[in-house]
Amino acid sequence: MNTAKTQRIWFRIVAFVTAAFSIFSAVLMTEPGQSLNLPREWIVTYYQYRWWFIGLNLAMMGYLWRLHCRYKMWTKFWMTMATSGVLVCIIAANFLLAAFFPSYQHTANYVSVIEADVIINDEDIVYAVEINGDVRGFPRKHLEIPHIAGDNIGGKEVTMTFCALSNLPVVIEQDLGQGESDIGILIQTNNNLVMVDRQSGDLIQQVTMTSEFGKTSPVEHPNTMMTWADFKEFYPHGTVFIYGFDRALDDFLLTLFEQPMKNQFSEEHGPIFPTLDMKDERVGFKEQVWGYRGDKKEIAFTLDFVKSQPTYEFEFEGQPMVLVYDEQRSITNLFSRTIDSQTVSVDSLGTIDIHGNTALGRLEQIPMLNGIFWMVWSHWFPNTEVMN
C-alpha cells in the first residue's frame, strides 16, 4: 500500500473516531441518550471523569489538525467545520442543560399572595413549605424550567427541587453536609432528576436523595401539595416563588415540552423516556401516589386508600405515624404521633387537621414524596409496600 493511501486511511480513521466520540458524549449526556435507554452508570461515569473525556476529545481534534497540516487531507473550511462540531458536542455534553435550566438556589424571586394571584390560576398545583411558621409557595408550573429554587424559610436555608417527569417536589437544606452548596441539574435518568452540587462535585438522585459519590447527606423538609385556591386561603401572608419566563429560550422550551408533558400525565401513553421497569401493576402506572422512604423499606399510599381511611394510624420501621387526608381539599399529609417523646394514639389526639393541629398540640409533619407517578416510584423502589 502506497504512503499517500495509508495517510488518507489513517486520517479518516482519526476523523471518524473523533466524530463518533464527540457525538456519543453529547447524546449520552442529553435527553436523546435517555430516549435510547443508555445505562445510567455510563452517565455517572462520564460525569465523574468528564474533564478527562473533554481533554481526550480536544486532544483527538488537535491530532486531526496535526495530520491535516502535515498531509493536507481536507480543506481549512472542512477542518474548521469539524472543529466547530466537536466544540458543540462538548458544550452539549457538559454545559447545555445547565444553560437551558438555570438554578435559582440563591436568586429565586418571591412575591406576595396578592401579586401572585394575578399570575396563578386557582386550580394550579402549589407546593407549600412551612418552617417555624414561615411559608413559601412553589407553583408547579413555575418550577418546570428552573427545577431548583431556594430561600431562607423560618431560619433554614432550604432549596425546593422539582422533577416534572416524576411530578416530584423534594425540599432539602442547602448545607448538604459540607457547608455551602451550589446545586444545579445534570440530567434525568429513569424519569427522575439528577442534581449536581458544583461545590463538592457530587451527584444526588432526587427520588432517593442519595449521594452518588458519598460526599453529601441531604436533610429533607416536608412540603404539602395543594391547589392555589387552598394555598391563598391557608397562607394569605405567605410568599410565592415566581419564575419570570423572560428568556426567548423559555418560550421554545415550553413549546418543546408541552405535548410530551401532556403525554407523561396521560393514561394512554407510556413514559416520555422508555427507561422504567413498568412491571409492577399493583397500581396504574400513571397514578399519583404518596410515598415514604424509611431507612430500609418504603411504603406508598394511593388516593383511593387515603380517601377510604382519611385518618390512618400506623407504625413504620418502629416510628408511630398518622396519615391525614382532607377530603374537601384533597390534601394528604403525614405526621409523627410522638409528642414530648411520648407516642400518642389517634383517639387521644381527637380531630387532626391537615396542618397537624390536635387537642394535644401540633404534630410534626414528616417529609413525603407527594404525587409521584407510580411508574417512577415502583421503578426506584421495586420492593415497596403499597396501600391501595
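Scroll up to find the structure.
Residues numbered from 1 in each chain as written. Predicted model: local features only at pLDDT ≥ 70, side-chain atom pairs only at ≥ 80, totals over all residues. Heavy atoms only, no water.

Structural notes on the sheet that holds strand β11 (residues 220-221)
Reasoning step 1: The sheet built from 4 strands is open, its strands ordered β4-β5-β6-β11 with antiparallel pairing. Looking at which strands have only one partner, the edges of the open sheet turn out to be β4 (148-153) and β11.
Reasoning step 2: In this sheet, strand β6 (residues 168-173) lies alongside strand β5 (residues 156-163) in antiparallel orientation, the contact comprising 6 bridges. Each residue of the ladder has a partner; that of Thr 159, found in β6, is Ile 172. (Pairing = 2+ DSSP bridges. Helix = DSSP H or I, 4+ residues; strand = E, 2+ residues; numbered from the N terminus.)

Details of the nonpolar core
Nonpolar side chains tend toward joint burial in soluble globular proteins.
Reasoning step 1: Phe 138 and Phe 301 are the most contacted members of the largest nonpolar core, which has 90 residues in total.
Reasoning step 2: When residues no more than four places from it in sequence are discounted, the contact partners of Phe 138 are Tyr 110, Ile 125, Val 126, Tyr 127, Val 129, Leu 143, Ala 149, Ile 153, Met 160 and Phe 241. (Core = buried A, V, L, I, M, F, W, Y, C linked by side-chain atoms within 4.5 Å. Buried < 20%, exposed > 50% of the residue type's maximum accessible area, 1.4 Å probe, protein only. Contact = heavy atoms within 4.5 Å.)

Re the packing of aromatic side chains
The relation between two aromatic rings is expressed through the spacing of the ring centres and the mutual angle of the planes.
Reasoning step 1: Taken as a whole and judged by the stated rule, the model has 26 aromatic pairs.
Reasoning step 2: An angle of 50 degrees between the planes, with centres 6.3 Å apart, marks the rings of Phe 101 and Phe 257 as tilted. Separated by 156 residues along the polypeptide, Phe 101 in the loop between α6 (96-100) and β1 (110-112) and Phe 257 in helix α10 (residues 248-265) bring together distant segments of the chain.
Reasoning step 3: In this structure Phe 101 comes out as buried when scored by relative accessible area, which is 10%.
Reasoning step 4: Exposure remark for Phe 257: the relative accessible area of 30% places this residue in the partly exposed category.
Reasoning step 5: With a centroid separation of 6.0 Å and an interplanar angle of 85 degrees, the aromatic rings of Tyr 110 and Phe 138 are classed as edge-to-face. Placement of the pair is Tyr 110 in strand β1 and Phe 138 in strand β3 (residues 134-139), with a sequence separation of 28 residues. Assigned by exposure class, Tyr 110 and Phe 138 land together as buried.
Reasoning step 6: Taken together, the aromatic side chains of Trp 228, Phe 231, Phe 234 and Tyr 235 make up a single cluster linked through ring pairs.
Reasoning step 7: A cation sits over an aromatic face here: Lys 297 above Phe 316, 5.3 Å from the ring centre. (Phe/Tyr/Trp six-rings, centres within 6.5 Å; stacked < 30°, edge-to-face > 60°. Lys NZ or Arg CZ within 6 Å of the ring centre and 35° of its normal.)

Section: the packing of helix α1 (residues 3-28) against helix α4 (residues 50-71)
Reasoning step 1: Packing of α1 against α4 leaves a shortest axis separation of 10 Å and a crossing angle of 155 degrees. Compared by their axis directions, α1 and α4 come out roughly antiparallel. The handedness of the crossing between α1 and α4 comes out as left-handed. Counted together, Gln 7, Trp 10, Phe 11, Val 14, Ala 15, Val 17, Thr 18, Phe 21 and Ser 22 of α1 and Phe 53, Leu 56, Asn 57, Met 60, Met 61, Tyr 63, Leu 64, Leu 67, His 68 and Tyr 71 of α4 form the full contact between these two elements.
Reasoning step 2: Its residues placed into classes, the contact of α1 with α4 shows 14 nonpolar, 5 polar and no charged. (Axes fitted to C-alpha atoms, helices over the stretch in contact; angles between N-to-C directions. Parallel < 35°, antiparallel > 145°, perpendicular 65-115°, else oblique. Left-handed = near helix turned anticlockwise from the far one by under 90°. Nonpolar A, V, L, I, M, F, W, Y, C, P; charged D, E, K, R; others polar.)

Observations regarding the pattern of salt bridges
Reasoning step 1: The tally for this structure, following the rule as stated, stands at 18 salt bridges.
Reasoning step 2: Here Glu 212 ties to Arg 40 by a salt bridge, and the two come within 2.8 Å at their closest N and O atoms. Of this pair, Glu 212 sits in the loop between β10 (210-211) and β11 while Arg 40 sits in helix α3 (residues 40-48), placing them 172 residues apart in sequence.
Reasoning step 3: Taking relative accessible area as the criterion, Glu 212 reaches 30% and is therefore assigned partly exposed. (Salt bridge = Lys/Arg side-chain N within 4 Å of Asp/Glu carboxyl O.)

Focus: unusual backbone geometry
Reasoning step 1: Of note, the phi angle at Asn 167 is positive, near 60 degrees, even though the residue is not glycine.
Reasoning step 2: Among the secondary structure elements, Asn 167 is positioned in the loop between β5 and β6.
Reasoning step 3: Take Asn 167: its relative accessible area is 2%, and that puts it in the buried class.
Reasoning step 4: Unusually for a residue other than glycine, Ser 330 sits at a positive phi of about 55 degrees.
Reasoning step 5: Examined against the element boundaries, Ser 330 turns out to sit in the loop between β17 (319-326) and β18 (331-336).
Reasoning step 6: Residue Ser 330 is classed as partly exposed on the basis of its relative accessible area, which comes to 38%.

Just geometry here; none of it tells us what the structure is for.
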